[in-house]
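# Summary of the model geometry
Below are the chains, spelled out letter by letter.
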Amino acid sequence: MTQTISKIQAWILAARPKTLPAASVAVLVGSALAIRDNKFSFSASLFCLLCSFLIQIGTNFANDLFDHLKGSDTPDRVGPMRLLSSGHISPSEMKIALWITFGLAFLLGMYLVYLGGLPILIIGVLSIISGIIYTAGPYPLAYNGLGDIFSFVFFGVVGTMGTYFVNTHEVTPQAFIASVPVGALVTAILVVNNYRDIEQDRAANKNTLAVIFGKKFSRMEYKLFIFAAFIVPLILFVNYNYSLWVFLPVVLMPLALKLITLLSSLEGQELNRLLALTAAFSSLYGLLLAVGIAL
């Protein structure tokens, strides 16, 4: 039975606001690196945050639209309700919202281009294009095992180093290293999502890494991303003279071990809880890492 919701509620759900905290982590960590170097610009980081939110929402809209058009969202879906397949939003409405959202991201990004020049323009355009072709086009990333790489690169490395660059006009090894746990944990959220949807995706010929390599691989991938996040503070401390504050995220180790256990024990709709917990873990880790770097 289709749930009755208002149009406003439908658009809020389509934007998937629960994904936005994770989308902010790269900006937090990139800004913290700039604070540590005494080169922080509030306006630069604010516009990075706004663009990150808009690109995340635009990507969510694109996923909803093109998964629906490809027939991937079936009635037996175990994940959150999709607003096109449920009939609350039409494809034409979503197309308009998609272009408005990415258009706003591009316009706001012009200020970042003013600050950072041509590299930021290239990064911005590639981020928008990737958000669209994640599920669209003749070779959609999510349907060909490239979704995890996209997530790691754009919501981790590019987001963190891009924020640092528009603040400082520099690219450093430290910024790249600090971007690794950001990308790893954002991608861990996707791993849970694909692990949950493996049977439905297989039926729809959506070849995620979970579909290609199986659940055992996904569990190992999830563990790798979680453990990688706890190695990075040690690297920053030993090789780049960061203070002991950089180990703040280590307080989350018990939760990390719990999440790994849950992935092996939960099935079906139960995995929606793990998805939410992984997103919360990613956000909390990013906040603690940012604080630790800034201090």
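Everything numeric in this text was worked out from a predicted model, so none of it was measured.

## Focus on the side chain of S283
Mapped onto the secondary structure, S283 falls in helix α12 (residues 271–294). Classification of S283 by relative accessible area gives buried; the value is 16%.

## Notes on the environment of E267
Looking at where E267 falls in the secondary structure, it is placed in the loop between α11 (253–265) and α12. Residue classification places E267 among the partly exposed residues on the basis of a relative accessible area of 42%. For the pair E267 and R196, spaced 71 residues apart in sequence, the C-alpha separation works out to 7.1 Å.

## Points about the packing of helix α2 (residues 20–36) against α12
Here α2 crosses α12 at 5°, and the two axes come no closer than 8 Å. The angle between α2 and α12 places the two elements in the roughly parallel class. Every residue of α12 that contacts α2 at P21, A22, V25, L28, V29, A32, L33, I35 and R36 is listed here: S282, S283, G286, L289, A290, I293 and A294. Its residues assigned to classes, the contact of α2 with α12 shows 12 nonpolar, 3 polar and 1 charged.

## Observations regarding helix α5 (residues 118–133)
The end-to-end C-alpha distance of α5, which contains 16 residues, comes to 22 Å, matching closely the 22 Å that a straight helix rising 1.5 Å per residue would cover. Every buried residue of α5 is listed here: I120, S127, I128, S130, G131 and I132. In this structure, the buried residues of α5 make contact with α3 (42–69), α4 (91–116) and α6 (147–168).

## Focus: a nonpolar patch on the surface
Where nonpolar side chains cluster on the molecular surface, the patch consists of I96, I100, L104, F106, L107, M110, V125, I129 and I133 and spans about 750 Å² of accessible area. Looking at the nonpolar patch, the elements that each hand over two or more residues are α4 and α5. Inspection of the secondary structure assignment puts L104 in helix α4.

## Quick look at the environment of I133
Within the secondary structure, I133 sits in helix α5. Put simply, I133 and A62 are 71 residues apart on the chain and 8.4 Å apart in space, counted from C-alpha to C-alpha. Those residues in contact with I133, other than ones at most four positions away along the chain, are Y139, P140 and L141.

## Notes on unusual backbone geometry
Non-glycine residue N205 carries a positive phi angle of around 60°. Here N205 is to be found in the loop between α8 (198–203) and α9 (209–213). The exposed category is assigned to N205, whose relative accessible area is 59%. Positive phi outside glycine occurs at N241, with the angle close to 60°. Tracing the chain through its elements places N241 in the loop between α10 (215–240) and α11.

## Notes on the nonpolar core
With 48 residues, the main nonpolar core has V29, L33, Y222, I226, L274, F281 and I293 as its most contacted residues. For this core, the secondary structure elements donating two or more residues are α2, α6, α7 (173–196), α10, α11 and α12. Every residue in contact with I293, bar those within four places of it in the chain, is listed here: V29, A32, L33, R36, A178, Y242 and V246. The next biggest cluster of nonpolar side chains, apart from the first, holds 23 residues, and it includes A10, L98, F102 and I132.

## A few points about the pattern of salt bridges
Summed over the entire model, instances satisfying the criterion amount to 5 salt bridges. For the salt bridge of K206 with D67, the shortest nitrogen-to-oxygen distance reads 3.3 Å. On the criterion of sequence distance, the pair formed by K206 in the loop between α8 and α9 and D67 in helix α3 is long-range, its members being 139 residues apart. Between E199 and R202 there is a salt bridge, and its shortest N-O distance comes to 3.1 Å. Of this pair, E199 and R202 both sit in helix α8, 3 residues apart, which is roughly one turn of the helix. Residue E199 is classed as exposed on the basis of its relative accessible area, which comes to 51%.

How each quantity is defined
- Residues numbered from 1 in each chain as written.
- Predicted model: local features only at pLDDT ≥ 70, side-chain atom pairs only at ≥ 80, totals over all residues.
- Heavy atoms only, no water.
- Helix = DSSP H or I, 4+ residues; strand = E, 2+ residues; numbered from the N terminus.
- Buried < 20%, exposed > 50% of the residue type's maximum accessible area, 1.4 Å probe, protein only.
- Axes fitted to C-alpha atoms, helices over the stretch in contact; angles between N-to-C directions.
- Parallel < 35°, antiparallel > 145°, perpendicular 65-115°, else oblique.
- Contact = heavy atoms within 4.5 Å.
- Nonpolar A, V, L, I, M, F, W, Y, C, P; charged D, E, K, R; others polar.
- Expected span 1.5 Å × (residues − 1).
- Patch = residues over 30% accessible without salt bridge, like charges linked within 9 Å, V, L, I, M, F, W, Y side chains within 5 Å.
- Areas by Shrake-Rupley, 256 points an atom, 1.4 Å probe, with all protein chains shown as cover.
- Salt bridge = Lys/Arg side-chain N within 4 Å of Asp/Glu carboxyl O.
- Core = buried A, V, L, I, M, F, W, Y, C linked by side-chain atoms within 4.5 Å.

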